[in-house]
Amino acid sequence: MSTYSLQNPYGPTPAEPVNGPDAATERGGRRVLVSSVSSDSHTWNLVFLQLLIEEMGHEVTNIGSCVPDELLIEECRRVRPDLVVISSVNGHGALDGARAVRRLRSHPDLRDLRVVIGGKLGVRGSDAEPLGPGLVEAGFDAVFEDTSSVTEFRSYLARSAQPQLTASGVR
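**Q** Can you break down the packing of helix 2 (residues 44-55) against helix 6 (residues 150-158) residue by residue, with the values?
**A** Relative to each other, helix 2 and helix 6 sit at 50 degrees, their axes nearing to 11 Å. Classified by the angle their axes make, helix 2 and helix 6 are oblique. Where helix 2 crosses over helix 6, the handedness of that crossing is right-handed. Of the residues in helix 6, those in contact with F48, L49, L52, I53 and E55 of helix 2 are V150, F153, R154 and L157.

**Q** Kindly report on unusual backbone geometry, identifying the contributing residues and their values.
**A** Not every positive phi belongs to a glycine, and C66 is a case in point at roughly 50 degrees. Tracing the chain through its elements places C66 in the loop between strand 3 (59-62) and helix 3 (69-79). The phi dihedral of R80 is positive, around 55 degrees, even though this residue is not glycine. Here R80 shows up in the loop between helix 3 and strand 4 (83-88).

**Q** Could you give an account of the pattern of salt bridges, with specific residues and numbers?
**A** Counted according to the given criterion, the structure contains nine salt bridges. Across the pair E70 and R103 runs a salt bridge whose closest N-O atoms are separated by 2.3 Å. One end of the pair, E70, is in helix 3; the other, R103, is in helix 4 (residues 93-105), and 33 residues separate them in sequence. E70 sits in the partly exposed class, given a relative accessible area of 36%. Judged by its relative accessible area of 34%, R103 falls in the partly exposed class.

**Q** Break down the confidence of the model for the chain for me, with residues and values.
**A** Here the chain averages 81 in pLDDT, and 75% of its residues register 70 or above. Low confidence marks residues 4-25, where pLDDT is under 50. Its contacts with residues over four positions away, or in another chain, come to 61 contacts. Residue range residues 160-171 is modelled with pLDDT below 50. Its contacts to residues more than four positions away, or to other chains, number 39 contacts.

**Q** An account of the pairing of strand 5 (residues 114-119) is needed here, citing residue identities and associated values.
**A** Summarising burial for strand 5: five of the six residues are buried, a large majority. Sheet topology places strand 4 next to strand 5; six bridges connect them, and they run parallel. Looking across to strand 5, one finds that V85 is bridged to V116. Once you follow strand 4 into helix 4 and on to strand 5, the crossover reads as right-handed. Where strand 5 lies against strand 6 (residues 142-145), four bridges are found, and the strand directions are parallel. Along strand 6, the bridge assignment pairs I117 with V143.

Here is what the cut-offs are and how they apply
Residues numbered from 1 in each chain as written. Predicted model: local features only at pLDDT ≥ 70, side-chain atom pairs only at ≥ 80, totals over all residues. Heavy atoms only, no water. Axes fitted to C-alpha atoms, helices over the stretch in contact; angles between N-to-C directions. Helix = DSSP H or I, 4+ residues; strand = E, 2+ residues; numbered from the N terminus. Parallel < 35°, antiparallel > 145°, perpendicular 65-115°, else oblique. Left-handed = near helix turned anticlockwise from the far one by under 90°. Contact = heavy atoms within 4.5 Å. Salt bridge = Lys/Arg side-chain N within 4 Å of Asp/Glu carboxyl O. Buried < 20%, exposed > 50% of the residue type's maximum accessible area, 1.4 Å probe, protein only. pLDDT = per-residue confidence, 0-100. Pairing = 2+ DSSP bridges. Right-handed = clockwise from strand over helix to strand, strands pointing away.

Take a look at the structure:
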């Protein structure tokens, strides 16, 4: 597996089932902004992520595909999410994502915003070097490469408290 993330030092918090429209508030749900990178026109991955995250009791704003960096920054300021989830299917996630997160982190009011990226992040396939360490260095709080499972992403979403930087599952 190739998942790189900030680890909760207190361990994972189990995901609770969603029971009604107020579940997000009652269970500590977060505001999550879902986006693609600027060059990725795929949308089904974003719909899947939105439904998955909402199922876990969070409120989702899905800003769609081919999102320019400036629009991502504007929407982060408008929505004030607790977490940004960026998805890539076309293999340019590492390149576009690193640029986007660096630009986002350059704004003082967005420096502490939690931002993760996942999907097909490179075009070289499974023989390529892992891209996660470079993306964490660029500013992502967690990286879910295409070999990561939905279970790992759900576990990350279920965590709370202040994270501590670790890398798990290094190839």
